[in-house]
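Letter by letter, the chains look like this.
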Amino acid sequence: EEVVLPSARSPLPAPAPGSSLDAAGISPIVTPNDQFYKIDTALSVPRVDLDTWTLKIAGMVDRPYELTYDDLLDLPLVERYVTLSCVSNRVGGGLVGNAKWLGVPLSEVLDRARIQVGADQIVGRSVDGFTVGVPTETAFDGREALVAVGMNGEPLPFDHGFPARLVVAGLYGYVSATKWLDEIELTTWDGFDAYWVPKGWAKEGPIKTQSRIDTPQPNSRLVAEARHIAGVAWAPGRGISRVEVKVDDSGWQDAELSEPLSNDSWRQWSVNWDAQPGTHRLQVRATDGNGETQTSESRPPRPDGATSYHTISVVVE
């Protein structure tokens, strides 16, 4: 409550009207902090003392150093819309959300330390001992990679990593999104396996293109009338170029898309449906900005993310 965040050097404007669709029951384009999914290994949420907390940059660097919280806030901050997703999210699940993050580009934090040749893995360490490992190139390949201090215009909530966390667009959280961050270590790709890797999850975790039906809800009983089928689709780093919906055995129908907030954030989609009596099967699929359509192959979340089309059944009376 005592933290006042400085403004970004170039604040993002408010979302334009076209970035949200008028469809009752659809997920909001920006997920409120108290509704954002929460997955972590902490038995209790850490409460970090700002008087003693520092962020250490260490390992294979020529100039290891530490930043206090005030030091971090003194660096040039940027705002970015980025969708995060958990690798354990089932197809159509809720372990995904989109937020406006305020933070320091990870590349700027690392450049000050002068990374040594051969340091091809960034390890993020949490105050509770949790670790992630990402390729060093992800901080420099043009994607959004931040040491984040703010979320949707507020300091990071305790549940989401106060005082600082990593946000790396296009990677599942288990390999990127260290909360309660207190150290960034540079090492080799083969020299360290982060927390989830020895437990059977893939060492690399790019987010797969996914789409979800938000409305109607699975197994709903509906009145026969004109209504929307609507939801969200995401492929952070690639963007969403198309969403299609299929009702029963009809052909795929193009959905209306909201205007993108960024290439890293999800988009809402909607189609009009004249719901007639009977039991109906609804499906959705998305195509990313590279022209790749999500696969219909059904695979579980382990080891690197679930796949399939989100499919639900509803009854119209």
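Residues numbered from 1 in each chain as written. Predicted model: local features only at pLDDT ≥ 70, side-chain atom pairs only at ≥ 80, totals over all residues. Heavy atoms only, no water.

Can you help me understand the sheet that holds strand S6 (residues 131-135) in this one?
Whenever strands of a sheet pair, they do so through backbone hydrogen bonds, lying parallel or antiparallel. If you trace the five strands from one edge of the open sheet to the other, you get S2-S1-S10-S5-S6, paired in mixed fashion. Two strands bound the open sheet, and with one partner strand each, they are strand S2 (65-67) and S6. Adjacent strand axes in the sheet meet at a mean angle of 20 degrees when their direction is disregarded. Sheet topology places strand S5 (residues 121-126) next to strand S10 (residues 181-187); six bridges connect them, and they run antiparallel. (Pairing = 2+ DSSP bridges. Helix = DSSP H or I, 4+ residues; strand = E, 2+ residues; numbered from the N terminus. Axes fitted to C-alpha atoms, helices over the stretch in contact; angles between N-to-C directions.)

Before we go on, may I ask you to explain the pairing of strand S13 (residues 226-234) in this structure?
As a general feature of sheets, a regular strand has side chains that alternate between the two faces. Pairing between strand S11 (residues 210-215) and S13: five bridges, direction antiparallel. When the sheet's bridge partners are listed, Ile213 is paired in S13 with Gly231. When S13 meets strand S17 (residues 267-274), the two strands line up antiparallel, connected through eight bridges. Across the sheet, residue Val232 finds its bridge partner in S17, namely Gln268.

How should the nonpolar core be read in this particular structure?
Generally speaking, nonpolar side chains in soluble globular proteins are found buried as a group. Counting 62 residues, the largest nonpolar core has Leu72, Trp101, Leu106, Val147 and Ile184 as the members making the most contacts within it. Broken down by element, this core gets its largest block of residues, six residues, from strand S7 (residues 145-151). Counting 21 residues, the second largest nonpolar core, distinct from the first, contains Ile240, Val245, Ala255 and Ala286. (Core = buried A, V, L, I, M, F, W, Y, C linked by side-chain atoms within 4.5 Å. Buried < 20%, exposed > 50% of the residue type's maximum accessible area, 1.4 Å probe, protein only.)

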